[in-house]
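Chain by chain, the residues:
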Amino acid sequence: MDDKAFQQEIQDRVRKTIAPVFSKYGMDVNWLDSTMKWKPLILVIGSYSSGKSTLINELLEIDVQRTGQAPTDDSFTVITNDGENVPGETPGSTLVNDPRYPFAGLKAYGENLISHLCLKNVPSPLLENTAIIDTPGMIDSTAERDRGYKYLEVIGELAAMADMIVLMFDPHKAGTIKENFSTIRNILPGRTGEDRVVYVMSRIDECDNLSDLIRSYGTLCWNISQMTGRKDMPHVFLTYSPREARLDQSNQEWPQERQELKEKIGSAQAMRINHILENIDRKTGELELVCEALHRFSRRVRQLLSGTFKWTLAAALAVFALGFVLLQGHQPLQDQGLFSGITQTSLLSMEVIVPAAAALLTFVLGWVIFARVRFRNLLQKTLRNPDNLVHLDSDYRRSLWAKVKSHVLDQLRQRTVRQHLFQSGASLDRVRKFIRRDLKEYYSKIGRPRQG
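Residues numbered from 1 in each chain as written. Predicted model: local features only at pLDDT ≥ 70, side-chain atom pairs only at ≥ 80, totals over all residues. Heavy atoms only, no water.

For the protein chain, an unreviewed UniProt entry supplies the name Dynamin N-terminal domain-containing protein and the organism Desulfonatronospira thiodismutans ASO3-1.

Laid out in structure tokens, this is it:
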């Protein structure tokens, strides 16, 4: 089975088995399209002077994007080969409404973004099975900060779709751009895996000498460590413009480094299925925790309801018996017994109707106490301490719980959701069956064990 057929099989299984559970508990299912639809995606981000467009042109061996040290393009540009040999451009308004593409979710960011979005059809063999997204350069100036849309959130949305993220740096700034910091520190960790991020320092041919290059490289590595919060440094690829660089003995290894970068970017296609399974794994893990939390709460509700029913039943029987005895007071029951006295009395007599009505009112009072007092107390106690709804026995589950805890609390506050609490057990079983059987099977097909 080829990758496309395998990808379609996974998508169909997810839609059939667990997508309804996502919808049932108010969780977004748009990730199905944004993650699984279309072809492998490479997202290129960096400051306006980091060489993004130059690298893209070199990869495609075609001058597709304008280059320059000043800002040359303020749009998100999807570059691909849709099978037509005639170059063309599709505006954002058409792109986000075309069901062939995974960009419908970008409509939520408004017209200002859509007007800065387009697709370029480029007759390049590399793009037959891949698409590259070029992005507006990151900025640091407060005067330029207002773009009219939430730039970093859009970067996060595209990062979640992308199978590889190429993060480029200018050696003259070495990672000091504010939006660079926010992206690496706050946006990417929640939207992608570390294995999909490629760090690149470009324009190394513009360094005056080897000492200047080493100084810029060291500064960049230190800044990356501060932005990622990691002690171990990721590999930082070095690249340059072969049209401008002058190679000699001091930089004869540069072409090899540049070739390794191109090969790394070219491996994005092979990462596609891994990316899909990792996203499904993470999303179903989040769904499992939501179902687990709601199911545990429903069990506590059932226990509370069972206890309420038992004492309400006992109280109702006691009220009925007491009422019957009081109304039968002029006829001693010691000879025939209470039960015999009740069974021998007409059901339509006042001696039965009045105690039965009192017993029914006792039941109603018990239900009111359960709904207005005991259930509310349990709910408020749970909302104050939701962590005891799930087993947090690993860092992986703790990280997933941190993402969905607020959603669980919102679900518990909604009356319409609470009405379906008793179905949470079946939903939990369904999700766990998918994770332990279907997802495990898919990982085994690509020769990888499931993580987490």
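There's more to say after this.
(A) Representation of the sheet that holds strand β3 (residues 88-91) in the model. In space, the eight strands of this open sheet follow the order β3-β4-β2-β5-β1-β6-β7-β8, with mixed pairing throughout. Looking at the sheet topology across the chains shown, the edges are occupied by β3 and β8 (236-238). Mean inter-strand twist for the sheet, computed between neighbouring axes without regard to direction, equals 25°. Both strand β6 (residues 164-169) and strand β7 (residues 197-201) contribute to a ladder of five bridges, which runs parallel. Within the sheet, the bridge partner assigned to I165 lies in β7 and is V197. Against the sheet, helix α4 (residues 52-60) makes contact with β1 (41-46), β2 (76-80), β5 (131-134) and β6, and its axis sits at roughly 160° relative to β5, the strand it touches most. (Pairing = 2+ DSSP bridges. Helix = DSSP H or I, 4+ residues; strand = E, 2+ residues; numbered from the N terminus. Axes fitted to C-alpha atoms, helices over the stretch in contact; angles between N-to-C directions. Contact = heavy atoms within 4.5 Å.)

(B) Region of interest: the side chain of E292. Examined against the element boundaries, E292 turns out to sit in helix α11 (residues 272-327). Of the polar contacts made by the side chain of E292, one reaches the side chain of R432; its length is 3.3 Å. Residue contacts for E292: discarding those within four places in its chain leaves L389, V390, H391, R397, L428 and R432. (Polar contact = N/O pair within 3.5 Å; in protein donor to acceptor, adjacent residues only side chain to side chain.)

(C) Broad picture of the packing of helix α7 (residues 151-161) against helix α8 (residues 178-187). The interhelical angle for the contact between α7 and α8, taken along N-to-C directions, is 50°, at an axis separation of 11 Å. Taken together, the axis directions place α7 and α8 in an arrangement best described as oblique. Classified by chirality, the crossing of α8 by α7 is right-handed. Within the contact between the two elements, α7 uses Y151, L152, I155 and G156 and α8 uses E179, S182, T183 and I187. Among the residues forming the contact of α7 with α8, the class breakdown is four nonpolar, three polar and one charged. (Parallel < 35°, antiparallel > 145°, perpendicular 65-115°, else oblique. Left-handed = near helix turned anticlockwise from the far one by under 90°. Nonpolar A, V, L, I, M, F, W, Y, C, P; charged D, E, K, R; others polar.)

(D) The arrangement of the pattern of salt bridges in detail. Summed over the entire model, instances satisfying the criterion amount to 15 salt bridges. Put simply, E9 and K445 hold a salt bridge, and the shortest N to O gap is 3.4 Å. In this pair, E9 sits in helix α1 (residues 3-17) while K445 sits in helix α16 (residues 424-445), placing the two residues 436 residues apart along the sequence. R272 is the salt-bridge partner of D163, the closest N and O atoms lying 3.0 Å from each other. (Salt bridge = Lys/Arg side-chain N within 4 Å of Asp/Glu carboxyl O.)

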